[in-house]
Amino acid sequence: STDLDLSEEIVPCVEAHVQENNVSQLSHFNDNDLTLDENSYIPASELVITSLPFVLPSRLVIEHVFKSIMDDKEPIVLYRRCLSDVKFQIAQNDELEGEVNKNSHSSAKILELTVDIDVVHGIYEGGLKTWECSLDLVEYLSIKSKEINFSGKKILEVYVDDPIRLGCGSALPGIYLLSTQHSICVDFQDYNEHVLKLVTMPNILINTVLRPQTDDISEIDIVEEINCLNQLKNSKFFKGDWNGLTDLLNLHSNQEKYDIILSSETIYNLNSIPKLYNVIKHALKYPNGVAYIAAKTIYFGVGGGILSFCQLIEQDHVFEVNVVYTKTAHVRREILKLSFL
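Computed from a predicted model, the values in this text were never measured in an experiment. Position labels on residues start from 1 in each chain and follow its written sequence. Totals for whole chains, interfaces and linings use every residue, but because this is a predicted model, local features are given only for residues with pLDDT of at least 70 and side-chain atom pairs only at 80 or more, for both listing and counting. Excluding hydrogens and water, the side-chain figures rest on all heavy atoms present in the structure.

Participant: Even after reading the chapter, I still don't get the overall build of the chain, so can you show me in this structure?
Facilitator: Secondary structure summary: the chain contains nine helices and 15 strands in total. Surface exposure of the chain reaches about 14700 Å², of which carbon and sulfur atoms provide 46%. The numbering of helices and of strands both runs from the N terminus, where a helix is a DSSP run of H or I of at least 4 residues and a strand a run of E of at least 2. Method for areas: the Shrake-Rupley scheme with a 1.4 Å probe, in which residue coverage is limited to the protein chains shown.

Set out below in structure tokens:
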């Protein structure tokens, strides 16, 4: 069944403020760009935050990325750190000068790759960019905020693997919930440690404890460091490949598992779909846990997409899958809701 059907021309409830060149449309890949031996993938591990300078410079440059215009409540604005500010921080970090040649996963190397390529499997999985389906998922959560009970819930956002959102990158869906809901726990995963530190964590802070008081703010000074550090410590951050992630999460009992899993633009690669599904299957709380997967119907060049993912789910006979959101564009985009049979 389909709950929402929104065209590109008419978006009645949400206004997305994103410059066209800053929103990536992950629908075409060149297989020649996806070259890395599978044994070279970054292993899953937790990124533990011990101090704020570990994450942030003294000032952040920010921009609007999403604004709700729901009739019955105050508009909700989401911010993100500008990619130009990320580039500036990397350029200012002298320690990276000698690292580039020694470590293919360094911030500077990743930044170099993003100039012409959206994804290089096992090195960079697009986490510096804001993907279309990520905004779709924020839109859906904002529209359904009165119907879905988030209070007291434990949530995991996994992003892209091959390098969880799964893969969170800019982390907008999870951050939306952090900024609008109370008494929830949101954990984040992305393939790259540098994406978590340079993008995900700053975005969490500028939408929570460092949130601007007015909409016209473009720069934020880092103050209240203790509050910032405490905010980050309320979440867990995981990096690396999805293989091994379920062991790392250490979910021994059903009570420890996640009530909700969020993921966007993560089923583009056929080789990664079983790994993502395995994480959802083993990390979601039974019987009422749900997962929301935002994706395009097909990703040309690599064979992934909604159909391939749904086929795997149907073969396993563990989850019911329903389309709860549709947006018609050049490539159709949908949000799938997975719930236990």
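That was the structure; now back to the text.
Participant: Can you walk me through helix α1 (residues 83–92) in this structure?
Facilitator: Within an α-helix, residues lying three or four positions from one another point in the same direction, as the helix has 3.6 residues per turn. Remark: exposure states derive from per-residue accessible area (1.4 Å probe, protein chains only) relative to the maximum for the residue type, with buried under 20%, exposed over 50%, and partly exposed in between. Among the residues of α1, those classed as buried are Asp85, Val86 and Ile90. Axial view of α1: buried residues confined to an arc of 140°, hence all on one face. Exposed side chains of α1 directed beyond 90 degrees from the buried face belong to Ser84, Phe88, Ala91 and Gln92. What the arc measures is the spread of directions leading from the helix axis to the C-beta atoms.

Participant: What exactly am I supposed to notice about the nonpolar core here?
Facilitator: Looking at soluble globular proteins, one finds that nonpolar side chains tend to be buried together. Residues enter a nonpolar core if they are buried and are Ala, Val, Leu, Ile, Met, Phe, Trp, Tyr or Cys, with the set joined through side-chain atoms within 4.5 Å. By size, the foremost hydrophobic cluster in this structure holds 51 residues, and its most contacted members are Leu232, Phe237 and Tyr292. Here the element with the most residues in this core is helix α3 (residues 132–143); it accounts for six residues. In what follows, a contact means two residues having at least one pair of non-hydrogen atoms within 4.5 Å. Apart from residues no more than four positions distant in its own chain, Leu232 is found in contact with Ile49, Leu52, Val55, Met201, Ile204, Leu205 and Phe237. Counting 32 residues, the second-largest nonpolar core is a separate cluster that includes Tyr258, Tyr268, Ile280 and Ile293.

Participant: I keep staring at the side chain of Asp190 and nothing clicks. Help me out?
Facilitator: Along the chain, the position of Asp190 falls in strand β9 (residues 185–190). Within the structure, the side chain of Asp190 is placed 3.0 Å from the backbone nitrogen of Asn192, a separation counted as a polar contact. Within 3.5 Å is the distance limit for a polar contact, defined as a pair of N or O atoms, with the added protein rule that one can donate a hydrogen and the other accept it, and that residues adjacent in sequence qualify only through two side-chain atoms.

Participant: Just checking my understanding: could you explain the pairing of strand β12 (residues 260–264) for this structure?
Facilitator: Note on strand geometry: in a regular strand, side chains alternate between the two faces of the sheet. Along β12, five of the five residues are buried, which leaves the element largely enclosed by surrounding structure. The alternating pattern of β12 places Ile260, Leu262 and Ser264 and Ile261 and Ser263 on opposite faces, both of which are buried. One ladder, built from four bridges, connects strand β8 (residues 154–158) with β12; its direction is parallel. Opposite Leu156, over in β12, you have Ile261 as the bridge partner. Pairing analysis gives five bridges linking β12 to strand β13 (residues 290–296), with the strands arranged parallel. The criterion for strand pairing is that DSSP finds at least two bridges linking the strands in question.

Participant: What is the right way to read the packing of helix α5 (residues 193–206) against helix α6 (residues 225–233) from this model?
Facilitator: Working note: a packed helix pair is described by the angle between its axes plus the distance between those axes. Lines fitted to C-alpha atoms define the axes, with helix axes restricted to the stretch in contact, and inter-axis angles between N-to-C directions lie between 0 and 180 degrees. Close contact between α5 and α6 brings their axes to 10 Å; oriented N to C, the two are set at 115°. As for how α5 packs across α6, the hand of that crossing is right-handed. Residues Met201, Ile204 and Leu205 of α5 pack against Cys228, Gln231 and Leu232 of α6. As a working rule, the residues Ala, Val, Leu, Ile, Met, Phe, Trp, Tyr, Cys and Pro are called nonpolar, Asp, Glu, Lys and Arg charged, and the rest polar, with Gly in that last group. Looking at side-chain class alone, the contact of α5 with α6 contains five nonpolar, one polar and no charged residues. Take the far helix as your reference; a near helix turned counterclockwise from it by less than a right angle gives a left-handed crossing, and one turned clockwise gives a right-handed crossing.

Participant: In this structure, what is going on with the packing of aromatic side chains? I would like to understand it.
Facilitator: When the centres of two rings from Phe, Tyr and Trp lie within 6.5 Å, Trp using its six-membered ring, the rings pair. Their planes under 30 degrees apart give stacked, over 60 give edge-to-face, and anything left gives tilted. Using the criterion set out here, one finds eight aromatic pairs in the structure. An angle of 80° between the planes, with centres 6.0 Å apart, marks the rings of Tyr277 and Phe319 as edge-to-face. Within this pair, whereas Tyr277 is found in helix α8 (residues 273–283), its partner Phe319 is found in strand β14 (residues 319–328), the two being separated by 42 residues in sequence. What makes Phe319 buried here is its relative accessible area of 4%. Ring centres 5.0 Å apart and planes at 75° place the aromatic pair Tyr286 and Phe340 in the edge-to-face group. In this pair, Tyr286 sits in the loop between α8 and β13 while Phe340 sits in strand β15 (residues 333–340), placing the two residues 54 residues apart along the sequence. Here Tyr286 falls in the partly exposed class, since its relative accessible area comes to 49%. For Phe340, a relative accessible area of 15% gives the class buried. One aromatic cluster is present, formed by Tyr277, Tyr286, Phe319 and Phe340 through successive ring pairs. Taking the ring centre of Tyr258 as reference, the NZ or CZ of Lys154 above it sits at 4.7 Å. Two limits define a charge over a ring: the Lys NZ or Arg CZ must be within 6 Å of the ring centre, and within 35 degrees of the ring normal.

Participant: Which parts of the structure should I look at to understand the pattern of salt bridges?
Facilitator: Any two side chains of opposite charge can pair if their charged atoms end up close together. Whenever Lys or Arg places a side-chain nitrogen within 4 Å of a carboxyl oxygen from Asp or Glu, that contact is recorded as a salt bridge. Taken as a whole and judged by the stated rule, the model has 17 salt bridges. A salt bridge links Asp221 to Arg59; its shortest N-O distance comes to 2.6 Å. Judged by its relative accessible area of 41%, Arg59 falls in the partly exposed class. With a closest N to O distance of 3.3 Å, Lys144 and Glu147 form a salt bridge. The buried category is assigned to Lys144, whose relative accessible area is 10%. Among the residues examined, Glu147 registers a relative accessible area of 59% and is labelled exposed.

Participant: Sorry if this is basic, but what is going on with α6 here?
Facilitator: Cys228, Leu229, Gln231 and Leu232 are the residues of α6 that are buried. Projected onto a plane normal to the axis of α6, the buried residues spread over an arc of 160° and lie on a single side.

Participant: How should the packing of α8 against helix α9 (residues 306–316) be read in this particular structure?
Facilitator: Between α8 and α9, the least distance of the axes is 10 Å, while the angle of their chain directions is 50°. On the basis of the axis angle, α8 is oblique to α9. Crossing of α8 over α9 shows right-handed handedness. Contact residues: Ile273, Pro274, Leu276, Tyr277, Ile280 and Lys281 in α8; Ser308, Phe309, Leu312, Ile313 and Asp316 in α9. Here the contact of α8 with α9 is composed, by residue class, of eight nonpolar, one polar and two charged. Working rule for angles: under 35 degrees goes down as roughly parallel, over 145 as roughly antiparallel, 65 to 115 as roughly perpendicular, anything else as oblique.

Keep in mind that these numbers describe shape and distance, not what the molecule does.
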